[in-house]
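Structural description and commentary
So the chains spell out like this:
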Amino acid sequence: MLLKCTVVAGLLAGMAPLVATSAVTSTANAGSQAALSGDVIDLTISEQLFRLDGRTAPALAFNGAIPGPVIRLKEGQQATLRVTNSLQERSSIHWHGLLLPPNMDGVPGVSFAGIEPGATFTYRFPVKQSGTYWFHSHSGGQELSGMYAPMIIDPLEPEPFQYEREYVVMLSDWSFESPETLFSNLKKQGGYYNFQKRTAGEFITDVRRMGLWPAIQNYLMWDQMRMDPTDFADVTGYTFTYLMNGLSPAGNWTGLFRPGERVRLRLINAASMTFYDVRIPGLKMTVVQADGQNVQPVMVDELRMGVAETYDVIVEPMEDQAYTIFAETMDRSGYARGTLAPRMGMSAEIPERRPRPLRTMEDMGMSMEGMDKGDMTHSHGSMTMLGMEPSVGKSNGQADHANHKSQHMEHRQQGAAPSMQGTQEMPSVKAIDPRRSKIPGVEPVKHGPDDHGPGNQMVAEYSRNRIGEPGRGLEGGDRRVLLYTDLKSLAPYPDQREPEREIELHLTGQMNRYMWSFDGKKYSESREPVRLRYGERVRLTFVNDTMMEHPIHLHGMWMYVENGAGEHLPRKHTVIVKPAERVSVAVTADVPGPWAFHCHLLFHMDAGMFRVVEVSEP
Ligand SMILES: [Cu+2]
């Protein structure tokens with residue numbers, strides 16, 4: 001219903017009051033690992049009170065729990081899920097990552113009309129896959145109010161890896177402010193919750209490092225864009241409490257193990273607005289599945305989870321001691337935390353939070369000297385918004401550049417001084433193994449003449465594939481961080497066709513007005529679907545013209561990430577697109593019907609970063 005609304009003022013505004021207080025009688029318990037399974041599963045959506053660290057607030061829950069109950073299905077079964085809506089507003093459930101008929105996908109306005117208050121909707125579909133998934137409301141801000149839960153599907157064939165124990169580790173974010181309040185605050189000022197802006201002291205440091213004039217230029221530039229280099233999350237730890245299995249860091253969710261056991265952790269990022277960097281100090285994590293799909297095992301120290309992604313990892317705690325599961329937010333404004341321990345009541349040290357990262361020129365898609373020549377091995381660090389890259393002046397006056405509404409670039413060209421003091425390693429084109437198959441967009445691609453109109457604030461002058469980069473804030477350390485280029489499907493998938501055609505979609509936005517869109521148009525301004533022909537293999541190329549990471553989610557069909565893995569391209573339901581990145585996925589259009597396609601940051605979707613992808617009838 002949210003998405004059917006065309007009101008410019010923001011779709012959340014039309015929602016009914018979250019809770020009629022008199023109706024709330026019980027308190028949501030934290031999610032348990034006990035699962036619902038069988039041929040018929042009943043779920044009830046209700047208003048609940050959610051209690052956290054001594055405070056209580058109205059919330060929405062599945063079967064009275066936040067997260068809701070684990071649903072455990074078996075590959076090959078027929079699933080029947082009867083969902084009763086006892087709210088006073090319409091609701092819905094979307095089964096995230098599941099392949100199913102379009103009318104069972106649960107997106108109001110695309111798949112069905114939603115579930116009316118008091119009504120029961122029965123979802124029926126054959127279960128054609130296995131792995132770790134989740135489900136959530138696709139209506140308004142309901143997901144952020146507590147409507148999310150894990151879904152596990154056991155495979156028909158034995159798993160290709162062993163473990164003695166398993167836990168769901170579901171990460172989420174909770175605010176005592178209502179979703180409506182959060183959204184309207186962001187509408188007033190995109191940086192409303194960013195309290196990590198740079199300080200006067202940091203300015204002095206910058207002056208020392210780069211000189212007074214460049215430092216001033218640098219600050220003016222960010223100011224003129226009305227952006228901030230510390231902006232990594234629209235909603236931060238200022239209002240969010242970060243949850244693991246429904247518990248705050250103080251609540252310390254704990255999973256038990258016996259030393260020497262292999263423990264499978266089903267990591268699910270069910271947050272509305274938060275990317276997490278997950279690690280377990282003292283333990284290596286062997287990634288065995290990504291978005292529910294088997295991958296060739298890869299051992300890492302840390303992995304970044306975009307909103308809606310899942311990873312299955314195996315850890316082997318050998319010692320009779322506790323280990324902290326540390327899920328630090330990408331903006332470093334907070335963390336979710338839990339513990340693996342041999343006995344209840346134990347805990348391990350909580351790591352220091354790292355300093356917040358800064359956006360760089362690279363994140364803005366500015367041209368880089370050397371990039372054009374393909375020589376990126378010398379020591380230009382990635383510029384931490386300190387240095388002004390002199391070579392960008394070269395593009396001044398070029399026809400396509402002149403059209404860009406990128407005052408920051410014009411501005412930057414005056415008095416710019418070269419100062420490359422970055423300390424981080426700039427990812428190198430040469431770092432990509434030439435023996436692998438082609439990764440589209442490895443060569444920097446200059447942005448075309450379209451600046452996407454008033455709904456867009458900037459364009460990435462150059463976009464290029466950044467799939468081999470760990471992501472801002474994870475560079476440079478000695479921890480092994482999972483890269484998308486590490487993901488290789490365990491077995492090749494059947495459709496190995498090269499895409500027949502390419503559709504380029506630009507991720508666009510206007511931070512200060514909190515507008516988010518594709519190709520500069522909000523969903524309300526662009527109802528025309530992206531049309532795919534039944535049976536075709538098509539390349540979707542995402543070009544991120546914004547300075548934020550966006551977790552892009554396609555319903556109903558897999559996205560095969562073109563990461564150079566040849567026959568072993570991994571497939572995902574949600575793909576992180578980094579700032580100024582050009583990344584491609586292949587899609588086999590094998591299910592006719594309308595499918596939702598959107599950024600999975602809840603407020604980006606609500607603001608308009610949403611489209612329908614329509615697969616024609618055979
Ligand atoms: Cu987004």
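All of the points below concern the structure found in this document. (Residues numbered from 1 in each chain as written. Predicted model: local features only at pLDDT ≥ 70, side-chain atom pairs only at ≥ 80, totals over all residues. Heavy atoms only, no water.)

Let us look at the environment of leucine 43. Tracing the sequence through the fold places leucine 43 in strand S3 (residues 40-52). Between the alpha carbons of leucine 43 and isoleucine 71 there is a distance of 9.9 Å; along the sequence they are 28 residues apart. Not counting residues up to four positions away in its chain, the partners in contact with leucine 43 are Leu36, Asn63, Pro69, Ile71, Arg82, Val83, Thr84, Ile93, Trp95 and Phe135. (Helix = DSSP H or I, 4+ residues; strand = E, 2+ residues; numbered from the N terminus. Contact = heavy atoms within 4.5 Å.)

At 2.0 to 2.1 Å from the copper ion lie its protein donor atoms, namely His550 (ND1), Cys599 (SG) and His604 (ND1). All donors of the copper ion come from a single chain, and their spacing in sequence reads H-x48-C-x4-H. With a gap of 54 residues between them, histidine 550 in strand S29 (residues 550-554) and histidine 604 in helix H6 (residues 602-607) connect regions that are remote in the sequence. The same class applies to histidine 550 and to histidine 604, which are both buried. (Donors = N, O, S within 2.8 Å, 3.2 Å for Na, K, Ca; no water. Buried < 20%, exposed > 50% of the residue type's maximum accessible area, 1.4 Å probe, protein only.)

Its place among the elements puts aspartate 486 in the loop between strand S24 (462-463) and strand S25 (501-510). What aspartate 486 contacts, discounting residues up to four positions off in sequence, is Val298, Arg480 and Val481.

With that settled, the discussion passes to the sheet that holds strand S20 (residues 310-315). Spatial strand order, S13-S12-S15-S20-S17-S18: six strands in an open sheet with mixed pairing. Of all the strands in the sheet, just strand S13 (240-244) and strand S18 (293-300) have a single pairing partner and so form its edges. Mean inter-strand twist for the sheet, computed between neighbouring axes without regard to direction, equals 20°. Strand direction decides the pairing type here: strand S15 (residues 263-269) and S20, joined by six bridges, are antiparallel. Bridging across to S20, valine 263 finds its partner in valine 315. (Pairing = 2+ DSSP bridges. Axes fitted to C-alpha atoms, helices over the stretch in contact; angles between N-to-C directions.)

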